[in-house]
Amino acid sequence: MHEVVVLLAKRIDAMTTNRVKGYTSNSLYDAMKTTEKVKGRLLYYYPLEENGHTTNNDITAKEDTWIGWHNDSGFLTSLAGDLYVNDSTGELLDEQDVDSEAGLYVIDRSGKSIHVTIPPDCMAVQIGECLQILTGGVVVATPHCVRGPRAGWNPQSTIKVARISHPCFIDSKPTFPLSMPEGCSREDVSRAGSGMGKVPPLEDRWIEDGMTFGDFLQKSFDKYYDRKG
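Residues numbered from 1 in each chain as written. Predicted model: local features only at pLDDT ≥ 70, side-chain atom pairs only at ≥ 80, totals over all residues. Heavy atoms only, no water.

Draft legend 1. View of the pairing of strand β4 (residues 76–80). With respect to burial, β4 is a largely interior element, 4 of its 5 residues being buried. Pairing of β4 with strand β8 (residues 123–127), which is carried by 5 bridges, proceeds in the antiparallel orientation. Paired with Leu76 across the strands is Ile127, a residue of β8. (Buried < 20%, exposed > 50% of the residue type's maximum accessible area, 1.4 Å probe, protein only. Helix = DSSP H or I, 4+ residues; strand = E, 2+ residues; numbered from the N terminus. Pairing = 2+ DSSP bridges.)

Spelled out as structure tokens, the structure:
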């Protein structure tokens, strides 16, 4: 997963070099190739409630029931496909046992919400906010959420549906400076994003050009979790 992201970084460098005069060639590729900050996580999403679905239709009408809308604050996130299992037995579930609208959702540049499915032999890559900064908005962070099974999607089923996913977060070292290309403005970088209103504004967390990745992460945690009120 890291190796594929490194190859993608090289393509992002080439595209941004063609579009932004102040961009430094191969800067992302070099950072992603040499980084030791590669974190694979195996995530388990427990059933929303008894029988694999909640009885509250107001809740399950929303898309972000398993995990709320957010951007990855880092660089690039590679994703393997989802697995759905019976929480009680661990048995892998067939498609007919899982709500067809459950899973990963992303927002495109037009603000449209899209349900994403990843084939078993493929992987996806999500863009993090650091790339939006470094490329001057040429590529933008991917707002995303995870939707759980809807209430009453299958009244006959008693299966408690759980989800397993395996993201791999590929980032730089914490001291990496998040600087936009020469000639770009903070306003241009912030406006390039999509999903406005669903995630905390980038400019409220990336408070100055050149702030370190580590400081940006801390600001993002504070905004998302309201640690400082």
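Having seen the model, we can carry on.
Draft legend 2. Fine view of the pattern of salt bridges. Following the criterion strictly, the structure yields 7 salt bridges and no others. Of the charged contacts in the structure, one is a salt bridge between Arg147 and Glu101, with a shortest N-O distance of 3.3 Å. Here Arg147 is found in strand β9 (residues 144–147), whereas its partner Glu101 is found in the loop between β5 (83–86) and β6 (103–107), with 46 residues between them in sequence. Arg147 gets classed as buried once you look at its relative accessible area, which sits at 7%. Classification of Glu101 as partly exposed rests on a relative accessible area of 30%. Here Arg205 ties to Glu129 by a salt bridge, and the two come within 2.6 Å at their closest N and O atoms. A residue pair is termed long-range when its members are at least 10 positions apart, and Arg205 in the loop between α5 (186–191) and α6 (213–225) and Glu129 in helix α4 (residues 129–134) qualify at 76 residues. Taken as a pair, Arg205 and Glu129 share a single burial class, namely buried. (Salt bridge = Lys/Arg side-chain N within 4 Å of Asp/Glu carboxyl O.)

Draft legend 3. Broad picture of the packing of aromatic side chains. What the rule picks out here adds up to 5 aromatic pairs. Centre to centre, the rings of Tyr44 and Tyr46 are 4.8 Å apart; their planes meet at 70°, and the pair counts as edge-to-face. We classify Tyr44 as partly exposed; its relative accessible area is 32%. Every member of this aromatic cluster is reached through a ring pair, and the members are Tyr45, Trp66 and Tyr84. A cation over an aromatic ring shows up here: Lys10 above the ring of Tyr29, its NZ or CZ 4.3 Å from the ring centre. Here the guanidinium or amino end of Arg186 rests over the ring plane of Trp206, the centre of that ring lying 4.7 Å away. (Phe/Tyr/Trp six-rings, centres within 6.5 Å; stacked < 30°, edge-to-face > 60°. Lys NZ or Arg CZ within 6 Å of the ring centre and 35° of its normal.)

That's the geometry; what it means functionally is another story.
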